[in-house]
Structure formats: C-alpha cells, structure tokens
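Here's the letter readout for the chains.
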Amino acid sequence: MMGLISVAAAGAAAIVYVGHNGSQDANWMAFCQGFTNFCQAASEAVVLSFVAAAFFLCLVPLSALALKSN
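This write-up is about the structure you can find in this document. (Residues numbered from 1 in each chain as written. Predicted model: local features only at pLDDT ≥ 70, side-chain atom pairs only at ≥ 80, totals over all residues. Heavy atoms only, no water.)

**Considering the environment of Leu4**
- Assignment of secondary structure puts Leu4 in helix 1 (residues 2-21).
- Taking C-alpha positions, Leu4 is 9.2 Å from Ala53, a pair spaced 49 residues apart along the chain. (Helix = DSSP H or I, 4+ residues; strand = E, 2+ residues; numbered from the N terminus.)

Put into structure tokens, the structure is as follows:
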C-alpha cells in the first residue's frame, strides 16, 4: 500500500506540474489559467496524497513493532 500511495501521489504531482507550467517538449500549454477550480482541487488532492503517504510511512514501523511484540 505504501508503494501504491507513493506512486499515485507522484503521478498526480506530475500532472499538476504540467497543468501549472506546461511542457515545451510535448507542445502542451499550461491550462491552469483557464481552469482555476480544477487546478486548485488537483493541487489539494496532491497535498492530501502526500499526507497519506507520510501517514503510511509512520504506520509501517508501528506495525512492525506491534508484530514483534506478539
């Protein structure tokens, strides 16, 4: 689960980055000036994804300690 959350957060961050800045190599323009509500919601989702990844990162050692004590 930790790996899936990390990959999903990184993928979403890449999409938000392209939305904010565009990509000259792929000839994509930044579209956040026209769709501010979408970009705001996507940015919030990326932040929450990284918060979830940090939560799971703390949960993994706690689970290991719980298994070790049993």
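Additional details are given in the paragraphs that follow.
**Considering the packing of helix 1 against helix 2 (residues 36-69)**
- Between helix 1 and helix 2, the least distance of the axes is 9 Å, while the angle of their chain directions is 155°. By the criterion of interaxial angle, the relationship of helix 1 to helix 2 is roughly antiparallel. For the crossing formed where helix 1 meets helix 2, the hand is left-handed. Residues Met2, Ile5, Ala9, Ala10, Ala12, Ala13, Val16 and His20 of helix 1 lie in contact with helix 2, whose contacting residues are Cys39, Ala42, Ser43, Val46, Ser49, Phe50, Ala52, Ala53, Phe56 and Leu57.
- Considered class by class, the residues forming the contact of helix 1 with helix 2 number 15 nonpolar, three polar and no charged. (Axes fitted to C-alpha atoms, helices over the stretch in contact; angles between N-to-C directions. Parallel < 35°, antiparallel > 145°, perpendicular 65-115°, else oblique. Left-handed = near helix turned anticlockwise from the far one by under 90°. Contact = heavy atoms within 4.5 Å. Nonpolar A, V, L, I, M, F, W, Y, C, P; charged D, E, K, R; others polar.)

**Details of a nonpolar patch on the surface**
- Residues Phe55, Leu59, Leu62 and Leu65 make up a contiguous nonpolar surface patch of about 410 Å² in total accessible area.
- Position of Phe55 among the secondary structure elements: in helix 2. (Patch = residues over 30% accessible without salt bridge, like charges linked within 9 Å, V, L, I, M, F, W, Y side chains within 5 Å. Areas by Shrake-Rupley, 256 points an atom, 1.4 Å probe, with all protein chains shown as cover. Salt bridge = Lys/Arg side-chain N within 4 Å of Asp/Glu carboxyl O.)

**As for the packing of aromatic side chains**
- Overall, the coordinates contain three aromatic pairs when judged by the stated rule.
- Ring plane angle 65° and centroid distance 6.4 Å describe the contact between Phe31 and Phe35, whose orientation is recorded as edge-to-face.
- Residue Phe31 is classed as partly exposed on the basis of its relative accessible area of 30%.
- Here the aromatic rings of Phe31 and Phe38 are separated by 6.0 Å at their centres, their planes lie at 35°, and the arrangement is tilted.
- Accessibility expressed as a relative area gives 47% for Phe38, which makes it partly exposed.
- Every member of this aromatic cluster is reached through a ring pair, and the members are Phe31, Phe35 and Phe38. (Phe/Tyr/Trp six-rings, centres within 6.5 Å; stacked < 30°, edge-to-face > 60°. Buried < 20%, exposed > 50% of the residue type's maximum accessible area, 1.4 Å probe, protein only.)

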